[in-house]
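Each chain, letter by letter, is given below.
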Amino acid sequence: MIAYTIRRLLMLIPVLVGMSIVTFAIIHFIPGNPARIILGDQATATAIANLEEQLGLNRPFYVQYFSYVFDLLKGDLGTSLRTNRAISTEIWPHLAATIELTMFAMIFAIIVGVNAGIISAWKQNSWFDYLSMIIALIGVSMPIFWLGLMQQWIFAQELGWLPAFGRGNPRDPVETTTHLYIIDSIINGRTDQLWTSFKHLVLPGIALGTIPMAIIARMTRSSMLEVLRSDYIRTIEAKGSRPLSVIYRHGFKNAVIPVLTVVGLQTGTLLGGAILTETIFSWPGIGRYVYEAIGTRDYPVIQSGILVIAFMFVIINLIVDLLYSYIDPRIKY
Amino acid sequence: MKKPVLEVNHLKTHFFTDRGEIPAVDDVSFYINEGEVLGIVGESGCGKSVTSLSVMGLVPNPPGKIVGGEILFRQLSGNNNEEDLVKVSKKRMRQIRGNQIAMIFQEPMTSLDPLFTIGFQIIEVIKNHQRISKKAARTKAIDLIKLVGIPRAEEIVDEYPHQLSGGMRQRVMIAIAMACDPEVLIADEPTTALDVTIQAQILELMKKLNREKGTAIMMITHDLGVVAEMCDRVVVMYAGKVVEEGDVRTILKSPQHPYTQGLIRSLPKMHERESRLYSIPGNVPKPGSITEGCRFAARCDQVFDRCYKEDPELLTLNEGHTCRCFLYQKEGEALHV
Ligand SMILES: Nc1ncnc2c1ncn2[C@@H]1O[C@H](COP(=O)(O)OP(=O)(O)OP(=O)(O)O)[C@@H](O)[C@H]1O
Ligand SMILES: [Mg+2]
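These numbers were taken from a predicted model, which means no experiment stands behind them. (Residues numbered from 1 in each chain as written. Chains lettered and ligands numbered in written order. Predicted model: local features only at pLDDT ≥ 70, side-chain atom pairs only at ≥ 80, totals over all residues. Heavy atoms only, no water.)

## Structural notes on a nonpolar patch on the surface
All names here are of chain A.
Next up, step 1: A contiguous nonpolar patch, built from Met1, Ile2, Ile6, Leu10, Ile13, Val17, Ile21, Ile319, Leu323 and Tyr326 and spanning about 1000 Å² of accessible area, is present on the exposed surface.
Next up, step 2: If you list the elements that add at least two residues to the nonpolar patch, you get α1 (2–10), α2 (12–28) and α15 (299–327).
Next up, step 3: Here Leu323 shows up in helix α15. (Patch = residues over 30% accessible without salt bridge, like charges linked within 9 Å, V, L, I, M, F, W, Y side chains within 5 Å. Areas by Shrake-Rupley, 256 points an atom, 1.4 Å probe, with all protein chains shown as cover. Salt bridge = Lys/Arg side-chain N within 4 Å of Asp/Glu carboxyl O. Helix = DSSP H or I, 4+ residues; strand = E, 2+ residues; numbered from the N terminus.)

Below is the structure:
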């Protein structure tokens, strides 16, 4: 297990190198003069020269690449052209907002999806099975922006139960340490803010979690159906085990691998930022951050945003792979 | 006088599928005495597995259901009380499964959960039925692994099924089945998937457990060699029905039903050099496909008119020897068992 973890970590190195090359290329393979494109047609020659100097575009290619990688290793993502601030400090609050929302959405999706899938498989062809699979089908095909707007209309506007916008009360801002508001309010001992932050997560979290929930439910169900038919499940029943042990301990554990794959993919996708959901719910996440950078042609920010998102994907993948081998003793690479 | 520990009477287990109701087990009766090895033989598809799953209450439902009959289980070691397993609650059935009636299956390669250690899977059945400390359970698991003849028991407890061979896995299955000292062990073709030398070892092990622990064994097989080796009495099944039943000598030496005779003729013989191995012509009919007459009629070499019109009943030929065939029943005479 430890040897495998180390091997798996070493395997990350080529992936990270590849990622750095791709993101490096984002600026440098812009056709024409990148500085001119960034600054626009009206830019003066001095401005272009200055920007080239600032971005190091006048140096040889390989020098640029190595200084880029070297900066990355130091945790330096460069400077935003628009705000002139270090991207590494600027990006984190957005990333934290996205991580928090993704966590909430995925926890919701996993709890509901997995259990619905398990019960559907266990009670195959029952009314519960039909109902939950119809809901799952609607779930995967539902446009989220529409779901989000409906939720806002019903739960925020009409019923007034939950806030529709933002991460918290702007007049009583959370004192940030990690920028994960749930964690920060716990650190600060502010249960009122914890509750407020939680309430702000509910609507966007459910909107974002609906598609993963539906996919997880369907995957769990089909995987469970296969497992429940297997010989070893019959053996466990022949031992006189309780249905809960048969279904959850043995059944779900054997069915979990494909579900985990889906969970990993969906988590990665959500961490990439959901521009629609973030826009509808005014959620200051990474998606909107990068989107705004695209609008202002802030290439260093775009570059860093893509790098960070890709990095999250790689991490999720790593975690999923390690979980596979933890769950299944037959997996040894 | 030995008493039956398990008595199956007129059991009917049907499957309700899109193609209609399939009578996989259709009026099957037999009994197993305490400490006895009963063989259940018959070709593939005649309902042996469904019969044993019915006893365990493990018929996949839907589509399967026990639609008639009774399965009487007597706790001879306990208070002698008699229960009908068709009628008992699910909870009671769980208390019996793995504890008083245990089962091992045909497919050792896939019958163990690949994600749990051998030890866990043995301890699990003990913990289902007994209050026992972790440590005692582990010791007991190691003892059981030793009992079924697996070397390196202390290491094997912590290994996973994929690290063991098919024969070893079947031994583990036997260890799981024997963990709570059951009164009846149902073995559904336990050696079919194994190669010949391993087969002999597994049979030897089961015989030893039967002798030493007095566990009654219901030995399902289509191999008459296994029957000759292991069994005290034999039930011959054909297309969901019992066609002949008797003690092992009678069945092997003087079989009466044409089907049993065919089965025995198709055994390869050591000393005779027959040019071709005999086999009964045709196949087992699909359950439910024959609605009139004897189900074996189409393949029978002694068939006559009546066989196509009426379904024969089980007749007692001698003490403890029954047979379902018109050859032994005069017209108009109805003998009930
Ligand atoms: N799940 C099921 N659904 C529908 N029919 C079934 C099912 N299981 C068994 N049957 C029917 O029951 C019949 C008897 O099957 P069974 O498994 O008991 O045969 P068997 O005597 O154990 O054969 P084998 O020697 O191949 O194990 C089959 O022919 C099949 O038609
Ligand atoms: Mg079978």
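## Here we look at the pattern of salt bridges
Next up, step 1: Scanning all chains against the criterion turns up 27 salt bridges over all chains.
Next up, step 2: When the shortest N-O distance is used, the salt bridge between Glu189(B) and Lys48(B) registers 3.8 Å. Here the residue Glu189(B) occupies a position in the loop between β7 (184–188) and α7 (196–213), and Lys48(B) occupies one in helix α1 (residues 48–56), the gap between them amounting to 141 residues.
Next up, step 3: When salt bridges that share partners are traced, they join Asp172(A), Arg190(A) and Asp192(A) into one network.

## Quick notes on the interface of chain A and chain B
Next up, step 1: Listed as interface residues are 21 residues of chain A and, on the opposing side, 25 residues of chain B.
Next up, step 2: When chain A packs against chain B, close to 2100 Å² is buried across both sides, 59% of that on carbon and sulfur atoms.
Next up, step 3: Linking chain A with chain B are two salt bridges, by the criterion used here.
Next up, step 4: In this structure, Glu124(B) and Arg249(A) form a salt bridge, with 3.4 Å as the shortest nitrogen-oxygen distance.
Next up, step 5: There are 14 residue pairs in polar contact (both at pLDDT 80 or more) connecting chain A and chain B.
Next up, step 6: Sorting the residues of the side of chain A that touches chain B by element identifies α11 (231–238) and α12 (243–271) of chain A as the ones contributing at least two each.
Next up, step 7: When its residues are assigned to classes, the side of chain A that touches chain B shows six nonpolar, six polar and nine charged. (Contact = heavy atoms within 4.5 Å. Buried area = accessible area lost by both parts, 1.4 Å probe. Polar contact = N/O pair within 3.5 Å; in protein donor to acceptor, adjacent residues only side chain to side chain. Nonpolar A, V, L, I, M, F, W, Y, C, P; charged D, E, K, R; others polar.)

## As for the nonpolar core
Next up, step 1: Residues Ile101(B), Met206(B) and Met219(B) are the most contacted members of the largest nonpolar core, which totals 101 residues.
Next up, step 2: In terms of residue count, helix α6 (residues 166–178) of chain B provides more of this core than any other element does, seven residues in total.
Next up, step 3: There are two domains that each give this core at least three residues, and those are domain 1 (111–179) and domain 2 (264–334) of chain B.
Next up, step 4: In contact with Met206(B), not counting residues within four places along its chain, are Ile104(B), Ile174(B), Leu185(B), Ala187(B), Pro190(B), Ile217(B), Met219(B) and Met230(B).
Next up, step 5: Membership of the second largest hydrophobic core comes to 81 residues, among which are Ile87(A), Ile99(A), Val259(A) and Leu307(A). (Core = buried A, V, L, I, M, F, W, Y, C linked by side-chain atoms within 4.5 Å. Buried < 20%, exposed > 50% of the residue type's maximum accessible area, 1.4 Å probe, protein only. Domains from an automatic or database assignment.)

## Looking at the sheet that holds strand β2 (residues 20–33) of chain B
All names here are of chain B.
Next up, step 1: Pairing within the open sheet is antiparallel, and its four strands lie in the order β2-β1-β4-β5. Two strands in the sheet have a free side with no partner beyond their single neighbour: β2 and β5 (82–84). Looking at each pair of strands side by side, their axes are set apart by 5 degrees on average, direction ignored.
Next up, step 2: Bridge analysis of strand β4 (residues 64–74) against β5 gives three bridges, and the strand direction is antiparallel. Bridge assignment links Leu72 to a residue of β5, and that residue is Asp84.
Next up, step 3: Relative to strand β1 (residues 4–17), α1 is tilted by about 110 degrees, and along the sheet it contacts β1, β2 and β4. (Pairing = 2+ DSSP bridges. Axes fitted to C-alpha atoms, helices over the stretch in contact; angles between N-to-C directions.)

## Considering the side chain of Ser80(A)
All names here are of chain A.
Next up, step 1: The topology assignment puts Ser80 in the loop between α5 (61–73) and α6 (87–122).
Next up, step 2: Polar contacts involving the side chain of Ser80 include one to the main-chain amide nitrogen of Arg82, which spans 3.2 Å.
Next up, step 3: Once residues within four sequence positions are removed from consideration, Ser80 is found in contact with Arg85, Ile87, Glu90, Asp298 and Val301.

## Some points on the environment of Glu154(B)
Residue and element names in this part refer to chain B.
Next up, step 1: Counting through the fold element by element, Glu154 comes out in helix α5 (residues 153–156).
Next up, step 2: Between the alpha carbons of Glu154 and Arg138 there is a distance of 9.6 Å; along the sequence they are 16 residues apart.
Next up, step 3: Leave out the neighbours within four places in its chain, and Glu154 touches Arg138, Ile142 and Lys146.

## A few points about the domain arrangement of chain A
Interfaces are frequently sized by the accessible area removed from exposure as the parts join.
Residue and element names in this part refer to chain A.
Next up, step 1: On domain assignment, one finds that chain A holds domain 1 (2–73) and domain 2 (93–332).
Next up, step 2: Computed over C-alpha atoms only, the centres of domain 1 and domain 2 are separated by 33 Å.
Next up, step 3: Opposite the 20 residues of domain 1 that make contact, domain 2 presents 14 residues.
Next up, step 4: Carbon and sulfur atoms make up 78% of the surface buried where domain 1 meets domain 2, a total of about 1600 Å² over both sides.
Next up, step 5: Interface area lost by domain 1 to domain 2 is led by Tyr4, Arg8 and Met19, which between them contribute 32%.
Next up, step 6: One salt bridge in this structure joins Arg8 and Asp321, with 2.8 Å as the shortest N-O distance.
Next up, step 7: Connecting domain 1 to domain 2 are two residue pairs in polar contact (both at pLDDT 80 or more).

## Here we look at the layout of surface pockets
Next up, step 1: Quantified by volume, the largest pocket comes out at close to 1600 Å³.
Next up, step 2: Lining the largest pocket we find 38 residues, and of these Glu237(A), Val59(B), Pro60(B), Asn61(B) and Pro62(B) sit closest to its centre.
Next up, step 3: When contributions to the lining of the largest pocket are tallied by element, the ones reaching two or more residues are α6, α10 (191–228), α11 and α12 of chain A together with α1, β4 and α2 (90–96) of chain B.
Next up, step 4: The element best represented in the lining of the largest pocket is α11(A), accounting for four residues.
Next up, step 5: In terms of residue class, the lining of the largest pocket is made up of 19 nonpolar, nine polar and 10 charged. (1 Å grid on protein atoms, 1.4 Å probe; cavity = no way out; pocket = protein on both sides within 12 Å on 5 of 7 lines; lining within 4 Å. Points joined across faces, edges and corners; volume = space filled by probe spheres on them.)

## Concerning the site of ligand 1
Residue and element names in this part refer to chain B.
Next up, step 1: Neighbouring residues of ligand 1: 16 residues in total, closest Ser44, Gly45, Lys48, Ser49 and Glu189.
Next up, step 2: Between Val50 and ligand 1, the recorded distance is 2.9 Å, taken from a backbone N or O atom to an oxygen atom.
Next up, step 3: Residue contributions to the shell around ligand 1 peak at three residues, all from α1.
Next up, step 4: Across the shell around ligand 1, the residue classes break down as six nonpolar, seven polar and three charged. (Near = heavy atom within 4 Å.)

## Digging into the packing of aromatic side chains
Residue and element names in this part refer to chain A.
Next up, step 1: For the coordinates displayed, the defined rule picks out 12 aromatic pairs over all chains.
Next up, step 2: Summarising the aromatic geometry, the rings of Trp127 and Phe128 are spaced 6.2 Å apart at their centres and angled 70 degrees between planes, so their arrangement reads as edge-to-face.
Next up, step 3: Under the relative-accessibility criterion, Trp127 is labelled exposed at 65%.
Next up, step 4: Residue Phe128 is classed as partly exposed on the basis of its relative accessible area of 27%.
Next up, step 5: Among the aromatic residues, ring-to-ring pairing joins Phe24, Phe61, Tyr65, Phe66 and Tyr68 into one connected group.
Next up, step 6: Here Lys123 stacks its cationic end above the ring of Trp122, 4.5 Å away from the centre of that ring. (Phe/Tyr/Trp six-rings, centres within 6.5 Å; stacked < 30°, edge-to-face > 60°. Lys NZ or Arg CZ within 6 Å of the ring centre and 35° of its normal.)

## Structural notes on the sheet that holds strand β9 (residues 233–238) of chain B
Residues and elements named next belong to chain B.
Next up, step 1: Strand order in the open sheet made by the eight strands is β6-β7-β8-β3-β9-β10-β12-β11, with mixed pairing throughout. The outermost strands of the open sheet, each flanked by one partner alone, are β6 (101–104) and β11 (315–318). Mean inter-strand twist for the sheet, computed between neighbouring axes without regard to direction, equals 20 degrees.
Next up, step 2: Looking at chain direction, β7 and strand β8 (residues 216–221) are connected through five bridges and run parallel. Pairing of Leu185 across the sheet is with Ile217, part of β8.
Next up, step 3: α1 rests against β3 (37–41), β6, β7, β8 and β9 of the sheet, and its axis sits at about 145 degrees to β6.
Next up, step 4: Each of β9 and β10 (241–247) touches helix α10 (residues 258–265); the most contacted strand, β9, lies at about 105 degrees to it.

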